[in-house]
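# Structural overview for review
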Amino acid sequence: MERTALTHAMARVPGPVTVVTTVDGTGKRWGFTANSFISVSLDPPLVLVCLNKTASTHEAFTSADRFLVNVLAHGQDVVARRFARSGVDRFAAGDMASCELGLPGSHGACARVACAMHSIVDAGDHSILVGRVVDTYAVDRTPLVYYNRAFAHPAAATEVRAEEPVKILHLADW
Ligand SMILES: Cc1cc2nc3c(=O)[nH]c(=O)nc-3n(C[C@H](O)[C@H](O)[C@H](O)COP(=O)(O)O)c2cc1C
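Quick caveat: nothing in here was measured; it's all calculated off a predicted structure.

### Things to note about the overall build of the protein chain
A count of helices and strands for the protein chain gives three helices and twelve strands. Expressed as a percentage of its 174 residues, the buried residues of the protein chain come to 40%. Nonlocal contacts in the protein chain, meaning residues at least 24 apart in sequence, comprise 66% of its contacts between residues at least 6 apart. Of the accessible surface of the protein chain, which amounts to about 9300 Å², a share of 57% is contributed by carbon and sulfur atoms.

The following block contains the structure:
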């Protein structure tokens, strides 16, 4: 199987655009843009996201006991690009606030899924981070979609309503 044939085919698969965050033992924030986020199981509630082993964030996430998946909304392309950029402070813009589990979250996201680390699966050049969902947040906001190597607007319009107050949970609340 040729790598380009695979990436060409997978470019036809529309996916969500997320920013996954965590905080390490020193309080340093980590985050990366990911379109590999998907639900796995309802009982127990499990989700997964794949992280490249060469990523600068790999050690922090594979050592973490929790992570937060921010499902970006239409118009948050700039956030997605920033959290995919190498060699910059991805949090410098100041648009991430302490949210579920005390982890960095976007108030503009259409959903947030807070996870305790369930398991880490070795998968070729990626590690699969499997999270047990411990808290969620969702609003009716049009999601950002990644399709054909570009950010896209989903055809179906969703009704926009005022954002609900952000809940702040800490590890002790699990
Ligand atoms: C739309 C989009 C989706 C991405 N999805 C993933 C992903 O699912 N997993 C991953 O490891 N990297 C993904 N990346 C790349 C990372 O965001 C990041 O650029 C990469 O980890 C290199 O970062 P580094 O400088 O921290 O090494 C994606 C990038 C973009 C723009």
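### Concerning the sheet that holds strand E11 (residues 145-147)
Pairing between the strands of a sheet is mediated by backbone hydrogen bonds and can be parallel or antiparallel. Strand order in this open sheet of three strands is E1-E11-E12, and the pairing throughout is antiparallel. Only two strands of the sheet have a single partner each, and these edge strands are strand E1 (15-16) and strand E12 (150-152).

### Looking at the site of the ligand
Near the ligand lie 15 residues; those nearest to it are Ser 36, Asn 52, Ser 56, Ala 84 and Ser 86. At a separation of 2.8 Å, an oxygen atom of the ligand approaches a polar backbone atom of Asn 52. The set of elements that each furnish at least two residues to the shell around the ligand consists of strand E3 (29-34) and strand E5 (45-52). Counting residues per element, the shell around the ligand draws most heavily on E5, which supplies three residues. Classifying every residue of the shell around the ligand gives seven nonpolar, seven polar and one charged.

### Quick word on the sheet that holds strand E6 (residues 66-71)
The seven strands are arranged E3-E2-E6-E9-E10-E5-E4 in an open sheet whose pairing can be described as antiparallel. In this open sheet, the two edge strands, each paired with only one partner strand, are E3 and strand E4 (38-42). This sheet shows a mean twist of 35 degrees between the axes of neighbouring strands, independent of strand direction.

### A few points about a nonpolar patch on the surface
On the surface, Met 1, Leu 6, Met 10 and Val 13 cluster together to form a nonpolar patch covering roughly 470 Å² of accessible area. Looking at the secondary structure, you find Leu 6 in helix H1 (residues 3-10). The partly exposed category is assigned to Leu 6, whose relative accessible area is 43%.

### Let's talk about the environment of Val 130
Within the fold, Val 130 resides in strand E10 (residues 126-138). Exposure remark for Val 130: the relative accessible area of 8% places this residue in the buried category. The spacing of Val 130 and Ser 39 is 91 residues in sequence and 9.6 Å in space, taken between C-alpha atoms. Sequence-distant contacts of Val 130, that is, excluding residues within four places in its chain, are made with Leu 46, Val 47, Leu 48, Phe 67, Ala 116, Met 117, His 118, Ser 119 and Val 121.

### Let's talk about the nonpolar core
Core analysis: the largest hydrophobic core is formed by 21 residues, its most contacted members being Val 20, Phe 32, Val 49, Phe 61, Phe 67, Val 113 and Leu 129. At the level of secondary structure, the elements contributing two or more residues to this core comprise E3, E5, helix H2 (58-63), E6, strand E9 (111-123) and E10. With four residues, the single largest contributor to this core is E9. The residues contacting Phe 61, other than those within four sequence positions of it, are Val 20, Thr 21, Thr 22, Trp 30, Gly 31, Phe 32, Leu 51, Phe 67, Met 117 and Leu 129. Leu 72, Ala 80, Met 96 and Leu 144 belong to the second largest nonpolar core, which has nine residues in total.

### Some words on the pattern of salt bridges
The tally for this structure, following the rule as stated, stands at four salt bridges. For Lys 53, the salt bridge is made with Asp 122, and the minimal N-O distance between the two is 2.5 Å. Placement of Lys 53 in the loop between E5 and H2 and of Asp 122 in strand E9 is noted, with a sequence separation of 69 residues between them. Arg 82 serves as the salt-bridge partner of Asp 95, at 2.6 Å between the closest nitrogen and oxygen.

### Examining the confidence of the model for the protein chain
Confidence along the protein chain averages 91 in pLDDT terms, with 89% of residues attaining 70 or more. In the predicted structure, residues 157-161 sits below a pLDDT of 50 and forms six contacts with residues beyond four places in sequence or in another chain. Segment residues 166-174 is flagged for pLDDT under 50; beyond a separation of four residues in sequence, or across chains, it makes 23 contacts in the model.

Scoring rules and cut-offs
- Numbering of residues starts from 1 in each chain and follows the order in which that chain's sequence is written.
- Per-residue local features of the predicted model are confined to residues with pLDDT of at least 70, and side-chain atom pairs are confined, for both listing and counting, to 80 or more; whole-chain, interface and lining totals are unaffected and use all residues.
- Side-chain metrics in this entry use all non-hydrogen atoms of the structure; hydrogen atoms and water are not considered.
- Only DSSP runs of H or I with at least four residues qualify as helices, and only runs of E with at least two residues qualify as strands; both kinds are numbered from the N terminus onward.
- Exposure categories follow from relative accessible area, calculated using a 1.4 Å probe and restricted to protein chains: below 20% of the type maximum is buried, above 50% is exposed, and the middle band is partly exposed.
- The contact criterion used throughout is that any non-hydrogen atoms of two residues lie within 4.5 Å.
- Surface exposure here means Shrake-Rupley accessible area, sampled with a 1.4 Å probe, where a residue is shielded only by the protein chains that are shown.
- When DSSP finds two or more bridges between two strands, those strands count as paired.
- Distances are taken per atom, and a residue is near a molecule or strand as soon as one of its heavy atoms is within 4 Å of it.
- Polar contacts, as counted here, are pairs of nitrogen or oxygen atoms within 3.5 Å of one another; within protein the pair requires one atom able to donate a hydrogen and one able to accept it, and residues that are adjacent in sequence qualify only if both atoms are side-chain atoms.
- In this count, Pro and Cys sit with the nonpolar residues alongside Ala, Val, Leu, Ile, Met, Phe, Trp and Tyr, while Asp, Glu, Lys and Arg are called charged and the others, Gly among them, polar.
- Inter-axis angles, ranging from 0 to 180 degrees, are taken between N-to-C directions of lines fitted to C-alpha atoms, where helices are fitted over the stretch in contact.
- Like charges are joined within 9 Å and nonpolar side chains (Val, Leu, Ile, Met, Phe, Trp, Tyr) within 5 Å, but only among residues with over 30% relative accessible area and no salt bridge; these make up the patches.
- Here, a salt bridge means any side-chain nitrogen of Lys or Arg that lies within 4 Å of a carboxyl oxygen of Asp or Glu.
- Grouping buried Ala, Val, Leu, Ile, Met, Phe, Trp, Tyr and Cys residues that are joined through side-chain atoms within 4.5 Å yields what is termed a nonpolar core.
- A residue's pLDDT is the predictor's confidence in that residue, given on a scale from 0 to 100.

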